[in-house]
Amino acid sequence: MTPVPDPGTGRFRMAAAVSFALIATGVGVASLGGHPAAGVATTLTGLAIACLDLRVPRRTGGIAFRVADPLLLGAAIIVLVALVPRLVEPAGPPGVMVTHLAVALLILLIGAILARPETAPEHSPPDPGTRAAVRDHAPALIATPIAAVLVTVMVAGLGIGPVAAAVSIAVILAALALLALLAYLVRTLGAGRRHRHMVDDLRERQDFAQTLLQSMNEAVMVMDANYRVIDVNRRWRELTGHDGTLPESPPLPPPGTGGDWLLPRADGTDVPVLATMAAIPDAAGATRGYVATYVDIAERKQAEEELTQHAADLERGNAELAAALAFKNDLTSMLTHDVAQPISSIASLAELLCADWADLPEDIRLELATKIDKNTRRLIKMMNDLQLLFRLDTGTVTARRVPVPLLEVVETVSAATAGSGDVEITIDEDLAALADRGHLIVIVENLLKNALTHGAPPVRIRAEREPGGSLLLSVQDSGTGIPEDVLPNLFGRFIRGAGLGLFIVRHLVEANGGSVRYEHAEPRGARLMVTLEAAPAL
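Keep in mind it's a predicted model, so treat the numbers as computed, not measured. (Residues numbered from 1 in each chain as written. Predicted model: local features only at pLDDT ≥ 70, side-chain atom pairs only at ≥ 80, totals over all residues. Heavy atoms only, no water.)

*Asks:* Quick question: what am I supposed to make of the overall build of the protein here?
*Replies:* Across its full length, the protein holds 13 helices and 14 strands. Taken over 538 residues, the protein has a buried fraction of 32%. Restricting the contact set of the protein to residue pairs at least 6 apart, pairs at least 24 apart contribute 59%. Counting every atom, the protein has about 32,600 Å² of accessible surface; 63% of that belongs to carbon and sulfur. (Helix = DSSP H or I, 4+ residues; strand = E, 2+ residues; numbered from the N terminus. Buried < 20%, exposed > 50% of the residue type's maximum accessible area, 1.4 Å probe, protein only. Contact = heavy atoms within 4.5 Å. Areas by Shrake-Rupley, 256 points an atom, 1.4 Å probe, with all protein chains shown as cover.)

*Asks:* Looking at this structure, I do not really get the pairing of strand S4 (residues 229-232). What am I missing?
*Replies:* In summary, the side chains of a regular strand alternate between the two faces of the sheet. Two elements, strand S3 (residues 219-224) and S4, share three bridges in a ladder whose sense is antiparallel. Of the residues in S4, the one forming a bridge with Met221 is Val232. Here S3 hands over to S4 after four residues, with Tyr227 in that stretch at a positive phi of 65°. (Pairing = 2+ DSSP bridges.)

*Asks:* Before we go on, may I ask you to explain the pattern of salt bridges in this structure?
*Replies:* Oppositely charged side chains can pair when the atoms bearing their charge come close. By the definition in use, this model includes 20 salt bridges. Among the ionic pairs, Arg300 bridges to Glu304, the shortest N-O distance being 3.6 Å. Taken together, the positions of Arg300 and Glu304, both in helix H9 (residues 298-356) and four residues apart, correspond to about one turn of that helix. The partly exposed category is assigned to Arg300, whose relative accessible area is 39%. Each member of the salt-bridge network shares a partner with another, and the members are Arg234, Arg235, Glu238 and Asp296. (Salt bridge = Lys/Arg side-chain N within 4 Å of Asp/Glu carboxyl O.)

*Asks:* Can you walk me through the nonpolar core in this structure?
*Replies:* Across soluble globular proteins, you tend to see nonpolar side chains buried next to one another. If you look at the biggest cluster of nonpolar residues, it comprises 45 residues, and the most contacted ones within it are Leu406, Ile427, Leu440, Leu447 and Ile461. Apart from the residues within four sequence positions on either side, Leu440 is in contact with Val404, Leu406, Val409, Ala433 and Leu532. (Core = buried A, V, L, I, M, F, W, Y, C linked by side-chain atoms within 4.5 Å.)

*Asks:* I'm lost on the side chain of Thr45 in this one. Help?
*Replies:* Turning to its location among the elements, Thr45 is positioned in helix H2 (residues 36-50). The residues touching Thr45, leaving out its near neighbours within four places in the chain, are Ala75, Leu108 and Leu109.

*Asks:* Explanation requested: the packing of aromatic side chains in the structure shown.
*Replies:* Per the counting criterion, the structure on display carries two aromatic pairs. Seen in terms of ring centroids, Tyr227 and Tyr290 are 4.5 Å apart; in terms of plane orientation they differ by 10°. Their pairing is stacked. In this pair, Tyr227 is assigned in the loop between S3 and S4 and Tyr290 in strand S7 (residues 287-296), connecting sequence segments 63 residues apart. Overall, Tyr290 belongs to the buried group, its relative accessible area being 15%. (Phe/Tyr/Trp six-rings, centres within 6.5 Å; stacked < 30°, edge-to-face > 60°.)

*Asks:* For this particular structure, what's the right way to read a nonpolar patch on the surface?
*Replies:* A surface patch of nonpolar side chains, about 340 Å² in accessible area, is lined by Phe20, Ile23 and Val27. Inspection of the secondary structure puts Ile23 in helix H1 (residues 7-30). (Patch = residues over 30% accessible without salt bridge, like charges linked within 9 Å, V, L, I, M, F, W, Y side chains within 5 Å.)

Written out as structure tokens, the structure reads:
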């Protein structure tokens, strides 16, 4: 890695150089009284060294004016004026400046010229074309005629012939050109090293930024101001399934600080992500580009869906548990009310028969035995209904539908359930229902018992074929009808005092592909109507 210079050390060196240059300037000013030429040259050289990197930009935006150039030129002229007489007449009278001091100042001026920065400071824009060339080579252009004059004066003072003079001048000029070339190469090599250091540092920064981009866990896509993709990282390619070149028109999320979004993949599927689209401003605040980041939230979405499904399962479980608890409470209520009553009656009548058998007349014994038989049958009916209820609740009841003569079933049930004159049957002999015979018997039996128990005779049972191929069976009593507060739960599992009859009717009718409903009869009474599929005429 390229070592980064310490800003504190650079500032210290600059301050030290400026301090020594200002000290030299002070010494030159102090010697103006005794040695004017040396004092002026020293002062100008010190100021030039202090202002070596100082430039004054022009208002027109052209070449920046280097403050050190006129100061170095003035000091060089003073030194040359002091040296030229000594070159022509070495044994002549003393000049404006002693020779060794002039030579020392000349060497210092040459070093200051070579030490000038090649490029302008960072805040100054680079100069184009020939202006930059003129600025950079201005010292050489100034020094070349001065050197030619000095060589000419030297040759004239020595009295050398034309040929020897020409050769001498050529050699001297070649030496000067070689020195200038050497100085140029030294400066170029120094600039080349600085350029290589800058390139290496830039490349290292670029590699670091690329490594940082590729190592991010979030998918990142970088675009220019026209939404053309500049670069994407490894995670973006993995997330979208793009392994080749950069996409030309990638899907872009809506601008904002982030939100759930579906990112299209190369295979046509979508992946849920948390997407962010942000603008990259330049120094002036204008949009330079955009960066989009995507965070894969597929696992989070899956966990949310699983949690939602689990919550739904828990809710269904709670509903089933509540239904089971309600069923338990209703069953307990029925057993304590509807079942306990015939059991209690049977127990009381049996105890009476056993205790007073010898004292009871024959007809009383028969009456009590008949009541015990009736309650026993009632209890057996309840147990059968409960058994059917449990089968319905577990979904084990299936219907084997066959054509069943409706008049035959109704007459059989009526003869076994009702007394003579209590039931009026109006059914054609050719009407047949497509249903399970056992289920149809239970349906008619429960409807008839419900009408006789909770209504009043006579009970009218009618059946007719409806348009569309269905069969309508209605059972109507002559009672006061069903109260309004009972109607919402009429076909529910348990109704106090009504048993399980209508609940069983509803489930058996539905198991056979039909429906059951209630309506008020006119002028009075309750009418329960069952719709079943009609079988072909027998």
